[in-house]
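# Examination of the molecular architecture
Read off the chains here:
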Amino acid sequence: MNRAVSIRRLGLSGLSALFLSACAGYSSSALTPGVSTRPEVEARLGQPAMTWKNADGSQQLAFATGPGGTQTFMAFIGPDGKLTRLVGVLNEGFFGLIQAGMTQDQVLRLLGPSSVPSMPYRRTDTLTWSWLYCQSQNVQQYFDVNFDAGTGRVRSIGQHQWTHGYMPGTPPCVMQNIDLP
């Protein structure tokens, strides 16, 4: 009986460590706008999930923590290859920028790739993208963008609760909306 309890505790400890290490993945403490270079940003944050190159030589990099993560950071790199800004975008402020009629690319540039696979709804000719995030009360929920499947333009937005339950040892939902500078 004691052996079974020990194995169960070991399993729960392992799960707790896994969840905590997943949350500790991103840190911007060593990044400085105007000084840090793109290779330094990538060394700190990993490979970007998406990259956009602008006509002036600047770049925008999306660092997403999905599918289970609740944060996406946008790094803006100037034409000189130096970090100009690092912003956490999965929050109500950025969600408020999403408007009906926007294209999928415009949404991607604001929020980065969605946290979960897109969901097509054939009856309504709608495609939904969702992002898991920490709401202002530190509760996990999804922000949804519904696109017209034919035009690829935003029809509506919404939110719904994260309903996957609570596991003992799961770290609390913590907002980390970095905005440098």
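Notes on the structure in this doc start here. What you see is a predicted model; the values in this text were computed from it and never measured.

Further remarks concern the pairing of strand E2 (residues 59-64). Burial of E2 is extensive: five of the six residues sit out of reach of the surface. Pairing analysis gives four bridges linking strand E1 (residues 50-53) to E2, with the strands arranged antiparallel. Paired with Thr 51 across the bridge in E2 is Leu 61. As consecutive antiparallel partners, E1 and E2 are separated by five residues, and within that stretch Gly 57 has a phi angle of approximately 95 degrees, a positive value. For E2 and strand E3 (residues 72-77), the ladder comprises six bridges, and the chain directions are antiparallel. Bridging across to E3, Gln 59 finds its partner in Ile 77.

Looking now at the nonpolar core. Generally speaking, soluble globular proteins have nonpolar side chains that are buried together. Counting residues in hydrophobic clusters, the biggest one holds 21 residues, and the most contacted among them are Ile 98, Val 107, Leu 111, Trp 131, Phe 143 and Val 145. Mapped onto this core, the elements with two or more residues apiece are helix H4 (104-111), strand E6 (126-134) and strand E7 (140-148). Non-local contacts of Val 145, meaning those with residues more than four positions away in its chain, are made with Ile 98, Val 107, Leu 127, Thr 128, Trp 129, Trp 131, Val 154, Ser 156 and Ile 157. The next biggest cluster of nonpolar side chains, apart from the first, holds 10 residues, and it includes Phe 63, Phe 73, Leu 83 and Leu 86.

Within H4, the full set of buried residues consists of Val 107, Leu 108, Leu 110 and Leu 111. Mapping the buried residues of H4 onto a view down its axis gives an arc of 165 degrees, with all of them on the same face. On its buried face, H4 is in contact with E1, E3, helix H3 (92-95), E6, E7 and strand E8 (154-161). Just past H4, the residue Gly 112 takes up positive phi, approximately 80 degrees.

Of all nine residues making up E7, nine are buried, and the element is well covered by its neighbours. Examined bridge by bridge, E6 and E7 share nine bridges and lie antiparallel to one another. Residue pairing for E7: Thr 126 is matched across the bridge by Asp 148. If you look at the hairpin formed by E6 and E7, you'll find five residues sitting between the two strands, and Asn 138 has a positive phi there, around 60 degrees.

Looking now at the sheet that holds E6. The strands making up a sheet associate through hydrogen bonds between their backbones, and the pairing can be parallel or antiparallel. Strands sit in the order E5-E6-E7-E8 across an open sheet of four strands; the sheet is antiparallel. Unpaired on one side and paired on the other, strand E5 (119-121) and E8 mark the two borders of the sheet. Within this sheet the neighbouring strands show an average axis-to-axis angle of 25 degrees, counted without direction. Here seven bridges tie E7 to E8, and the two strands are oriented antiparallel to one another. In the strand pairing of E8, Val 145 is matched with Ile 157.

Calculation rules
- Residues numbered from 1 in each chain as written.
- Predicted model: local features only at pLDDT ≥ 70, side-chain atom pairs only at ≥ 80, totals over all residues.
- Heavy atoms only, no water.
- Buried < 20%, exposed > 50% of the residue type's maximum accessible area, 1.4 Å probe, protein only.
- Helix = DSSP H or I, 4+ residues; strand = E, 2+ residues; numbered from the N terminus.
- Pairing = 2+ DSSP bridges.
- Core = buried A, V, L, I, M, F, W, Y, C linked by side-chain atoms within 4.5 Å.
- Contact = heavy atoms within 4.5 Å.
- Arc of directions from axis to C-beta.
- Axes fitted to C-alpha atoms, helices over the stretch in contact; angles between N-to-C directions.

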